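# Understanding the architecture of this molecule
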Amino acid sequence: MPRLTRVESQARTRELLIATAKDLFLRDGYHATSLEKVAEAAGFSKGAVYSNFRNKDELCLVVLDDIHAEHIKSVGQAIAGRPFDDAVALFSEWAERMIGDEGWTVLEVEFGLQARRDPALRAELAARDRAVRDAITALARTFDDSANPAPLPPAELATALLSLGIGLGIQRVIDPAIEVSILADTLRALLGVPRPAQSEKDA
């Protein structure tokens, strides 16, 4: 196997650090995960971490970028080109798996609280929040193209869905018995689409 170039080696090190940090942040949370733990788990020195990231906040931002991109890609691929009912059903399947996922939800909340006294970090999170809303807006246009046009512009629909999803995720961490189907039902209500009959939902 050809020896990696210096640039390739640096890129590989960065990838391993991000993957390791992602696992630790999701498992143990933001505050419990130190850069020393990330370096040790990845098999590198702490210096290798600092050569790639200024601090733990920057590393966590990159991890969150990776998580958000993964989820947006997953949802987008699932619903692209689908009829409305199929798209909502597939969106609901994703929501059932991910809305209320403890590791992801707690990490988002912890890091949001971490940023509350740091204007620069808050600005970074706000920019990422806008990027997520923009991505959801693009997906919302899929629903808006249905036979029942949305009463809200796609951007507002995206904000409503994201806000509901965040709140529902926090509630489901506390009480997993809360039904995630409310998210799809709210989407249908916003679009003026009747809920499927109970027998259809159970099928």
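Described below are features of the structure shown in this document. (Residues numbered from 1 in each chain as written. Predicted model: local features only at pLDDT ≥ 70, side-chain atom pairs only at ≥ 80, totals over all residues. Heavy atoms only, no water.)

This part is about helix H5 (residues 84-98). Compared with the 21 Å implied by 1.5 Å per residue over 15 residues, the 21 Å span of H5 between its first and last C-alpha is a close match. Residues Phe84, Ala87, Val88, Phe91, Trp94, Ala95 and Met98 constitute the buried set of H5. Down the axis of H5, the buried set is contained in an arc of 120°. They therefore lie on one face. Downstream of H5 by a residue or two, Gly100 has a phi angle that is positive, lying close to 100°. (Helix = DSSP H or I, 4+ residues; strand = E, 2+ residues; numbered from the N terminus. Expected span 1.5 Å × (residues − 1). Buried < 20%, exposed > 50% of the residue type's maximum accessible area, 1.4 Å probe, protein only. Arc of directions from axis to C-beta.)

Turning our attention to the nonpolar core. Of all hydrophobic cores here, the largest spans 45 residues; its most connected members are Phe25 and Trp94. Elements that contribute at least two residues to this core include exactly helix H1 (6-28), helix H2 (35-42), helix H4 (56-79), H5, helix H6 (102-114), helix H7 (119-144), helix H8 (154-174) and helix H9 (181-191). In contact with Trp94, not counting residues within four places along its chain, are His71, Ser74, Val75, Ile99 and Trp104. (Core = buried A, V, L, I, M, F, W, Y, C linked by side-chain atoms within 4.5 Å. Contact = heavy atoms within 4.5 Å.)

Between H1 and H4, the shortest axis-to-axis distance is 9 Å and the interhelical angle comes to 85°. Judged by the angle between their axes, H1 and H4 are roughly perpendicular. Here Arg14, Ile18, Ala21, Lys22, Phe25 and Leu26 of H1 lie close against H4, whose contacting residues are Lys56, Leu59, Cys60, Val62, Val63, Asp66, Ile67 and Glu70. Residues belonging to the contact of H1 with H4 are distributed by class as follows: nine nonpolar, no polar and five charged. (Axes fitted to C-alpha atoms, helices over the stretch in contact; angles between N-to-C directions. Parallel < 35°, antiparallel > 145°, perpendicular 65-115°, else oblique. Nonpolar A, V, L, I, M, F, W, Y, C, P; charged D, E, K, R; others polar.)

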